[in-house]
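The chain contents come next:
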Amino acid sequence: MHDIPMMPSCQAPISDALLLDYWTGDLSDGDEMNALEEHLFACGECSVRLQDVAALGAGLTTLARQGRVSGIVSRSLLNRLQRDGSHVRMYWLAPGETVPCAVYPGDDVVVTALRADFSGVEAVTLVVTGPDDVPFGRVENVPVSGARGELLWANPAALLNRMPSIRLQLTLTSSGAAPVELGRYVLEHSATALA
Amino acid sequence: MQAMVDASDGDIARAVSARVPGAAEAAEAELYRRFAPRVRLYGLRHLRDEDEARDLSQQVMLVVIEKLRAGTIRDADQIASFVLGVSRTMSKDWKRLDWRREKLRETFLPASLVTIPSWDASLDLDHLEACLARLADRERMVVLLTFYAEKTASEAGKELRLTEGNVRVIRHRAVERLRTCMTSR
């Protein structure tokens, strides 16, 4: 990241945690914020550290807008992507269902929504396997709730575009010492977009 | 020019006020180089809009330099505090200042001075994507909710069924991991 320019070293650097709280809006208006801003304007070193936080945030925002996010996403994150104009292709699967899927030109991100009954379940584990049970991915301990819940699994369209046609099995279980299976789903991924 | 880079904020402000031909221009450029990015950050933090933050930065610096030229800033050593004060006032009144912004833009500084270096252009997005993918799912979700969806720790906590404190700890750890990953190849 940034090289710190030549200037007197800061005598009382702001902690990384406080810089993050300030940048993310978790520091309420008041004396602490006023003092922090006075320091940031007078201290090149700390302002450069804040610039690095800002640059990281800007980079993450760009990645998200380009659909370059993978893993479990929340409903609000998905809504934000759609609101920002990302082309999100959705596939919905109920337990036991097999769904053909593909990536189409213009897609930014593909989201697979796994529906299940999450009654009494606090967190789930998703295991994705390919042919011959070859491990493809695993996501553990994702918080869920509700009898008609859904788990949203996102993958960048650019990544899926490079995949061959493949049958993926997704297994959802409750997390914890005694996992209970909540659903099995199959995605029939086609390397070329379906007609 | 090197002397300006090594000078204190107060010395630079005094050099702008002194209006010595040649030296004053270099001092103005250094003052701008030093403070414009800080005002832009302030604008980004409070206005949450890149274009408005850039405009705010330019306008604040125009006002500050004009005040220094006019000799109306009494304590040059408090220039940082003065810049912050102007930033606060201007960002609060931002929407009402459209007419003044245009007037200022036409009046004061050469265009070559009012460009702010872009600090996010240096970020390698491919590398950041790989670093993001290496985070634990919960960490990835927290940083995306924080930086992209602009959720506070409390809001992200409600969504992820975590306490606000938990979100802050996860966020801090995730940002540290991203930084470490970005600086190691």
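These figures come from a predicted structure and were not determined experimentally. (Residues numbered from 1 in each chain as written. Chains lettered and ligands numbered in written order. Predicted model: local features only at pLDDT ≥ 70, side-chain atom pairs only at ≥ 80, totals over all residues. Heavy atoms only, no water.)

## Examining the overall build of chain B
Looking only at helices and strands, one finds 10 helices and 0 strands in chain B. Here chain B, with 185 residues, has 50% of them falling under the buried criterion. Long-range contacts, defined as pairs at least 24 residues apart, comprise 66% of the intrachain contacts of chain B with a sequence gap of at least 6. Accessible area of chain B: about 9,000 Å², with a carbon and sulfur share of 50%. (Helix = DSSP H or I, 4+ residues; strand = E, 2+ residues; numbered from the N terminus. Buried < 20%, exposed > 50% of the residue type's maximum accessible area, 1.4 Å probe, protein only. Contact = heavy atoms within 4.5 Å. Areas by Shrake-Rupley, 256 points an atom, 1.4 Å probe, with all protein chains shown as cover.)

## Here we look at the pattern of salt bridges
Following the criterion strictly, the structure yields 29 salt bridges over all chains and no others. For A:Asp21, the salt bridge identified is with B:Arg168, shortest N-O distance 3.5 Å. In this pair, A:Asp21 sits in helix 1 (residues 16–23) while B:Arg168 sits in helix 10 (residues 164–183), so the two residues belong to two different chains. Assessed through its relative accessible area of 12%, A:Asp21 is described here as buried. With relative accessibility at 28%, the residue B:Arg168 sits in the partly exposed group. A:Asp26 is the salt-bridge partner of B:Arg171, the closest N and O atoms lying 2.6 Å from each other. Residue B:Arg171 is found in helix 10, and its partner A:Asp26 is found in the loop between helix 1 and helix 2 (31–42); the two belong to separate chains. With a relative accessible area of 13%, A:Asp26 lands in the buried category. (Salt bridge = Lys/Arg side-chain N within 4 Å of Asp/Glu carboxyl O.)

## Here we look at the sheet that holds strand 8 (residues 166–174) of chain A
Residues and elements named next belong to chain A. Taken in spatial order, the 5 strands of this open sheet run 3-9-8-5-6, and their pairing is mixed. Because the sheet does not close on itself, it has two edges, and the strands there are strand 3 (98–102) and strand 6 (135–143). Averaged over all adjacent pairs, the angle separating strand axes in this sheet is 20°, with direction ignored. (Pairing = 2+ DSSP bridges. Axes fitted to C-alpha atoms, helices over the stretch in contact; angles between N-to-C directions.)

## Concerning the packing of helix 1 of chain A against helix 3 (residues 44–65) of chain A
Residues and elements named next belong to chain A. For the pair helix 1 and helix 3, interaxial distance at closest approach is 10 Å and the crossing angle is 60°. The pairing of helix 1 with helix 3 is recorded here as oblique in orientation. Judged by the twist between their axes, the crossing of helix 1 over helix 3 is right-handed. Residue-level inspection shows Asp16, Leu19, Leu20, Tyr22 and Trp23 of helix 1 in contact with helix 3, the latter providing Cys46, Arg49, Leu50, Val53 and Ala54. For the contact of helix 1 with helix 3, the per-class residue count stands at 8 nonpolar, no polar and 2 charged. (Parallel < 35°, antiparallel > 145°, perpendicular 65-115°, else oblique. Left-handed = near helix turned anticlockwise from the far one by under 90°. Nonpolar A, V, L, I, M, F, W, Y, C, P; charged D, E, K, R; others polar.)

## Let's talk about the interface of chain A and chain B
Listed as interface residues are 59 residues of chain A and, on the opposing side, 52 residues of chain B. Of all residues in chain A, the largest losses of buried area upon contact with chain B belong to A:Trp23, A:Phe41 and A:Leu60, amounting jointly to 16% of the total for that side. A:Glu37 is the salt-bridge partner of B:Arg88, the closest N and O atoms lying 3.0 Å from each other. Where chain A packs against chain B, one counts 26 residue pairs in polar contact (both at pLDDT 80 or more). Breaking the side of chain A that touches chain B down by element, the ones donating at least two residues are helix 1, helix 2, helix 3, strand 1 (71–73), helix 4 (75–83) and strand 6 of chain A. Grouping the constituent residues of the side of chain A that touches chain B by class yields 30 nonpolar, 17 polar and 12 charged. (Buried area = accessible area lost by both parts, 1.4 Å probe. Polar contact = N/O pair within 3.5 Å; in protein donor to acceptor, adjacent residues only side chain to side chain.)

## Notes on helix 2 of chain A
Compared with an ideal rise of 1.5 Å per residue, which puts 12 residues at 16 Å, helix 2 of chain A spans 17 Å between its outermost C-alpha atoms and is within 8% of the ideal. Every buried residue of helix 2 of chain A is listed here: A:Met33, A:Leu36, A:Glu37, A:Leu40 and A:Phe41. One side of helix 2 of chain A holds all its buried residues, which, seen down the axis, span an arc of 130°. Buried residues along helix 2 of chain A sit in contact with helix 1 and helix 3 of chain A together with helix 3 (23–47) and helix 5 (79–92) of chain B. (Expected span 1.5 Å × (residues − 1). Arc of directions from axis to C-beta.)

## A few points about helix 8 (residues 137–148) of chain B
All names here are of chain B. Its 12 residues place the ends of helix 8 16 Å apart at the C-alpha level, agreeing with the 16 Å of an ideal helix rising 1.5 Å per residue. Among the 12 residues of helix 8, 11 are classified as buried, and the element is accordingly described as predominantly covered. Within the span of helix 8, buried status applies to Asp137, Glu139, Arg140, Met141, Val142, Val143, Leu144, Leu145, Thr146, Phe147 and Tyr148.

## Some remarks on the confidence of the model for chain A
All names here are of chain A. Chain-level statistics for chain A give a pLDDT mean of 90 and a share of 94% at 70 or above. When pLDDT is averaged over each element of chain A, strand 2 (residues 88–93) comes out on top at 97 and strand 6 at the bottom at 89. Note on residues 2–6: pLDDT under 50 across the span, and 7 contacts to partners over four residues away in sequence or across chains. (pLDDT = per-residue confidence, 0-100.)

## Regarding the packing of aromatic side chains
Tallied over the full model, the rule gives 1 aromatic pair over all chains. Ring geometry for A:Phe41 against B:Tyr42: centres 6.0 Å apart, planes inclined by 75°, an arrangement best described as edge-to-face. Taken together, the residues A:Phe41 in helix 2 and B:Tyr42 in helix 3 connect one chain to another. Of the two residues, A:Phe41 and B:Tyr42, both sit in the buried class. Here A:Arg80 stacks its cationic end above the ring of B:Tyr148, 5.3 Å away from the centre of that ring. (Phe/Tyr/Trp six-rings, centres within 6.5 Å; stacked < 30°, edge-to-face > 60°. Lys NZ or Arg CZ within 6 Å of the ring centre and 35° of its normal.)

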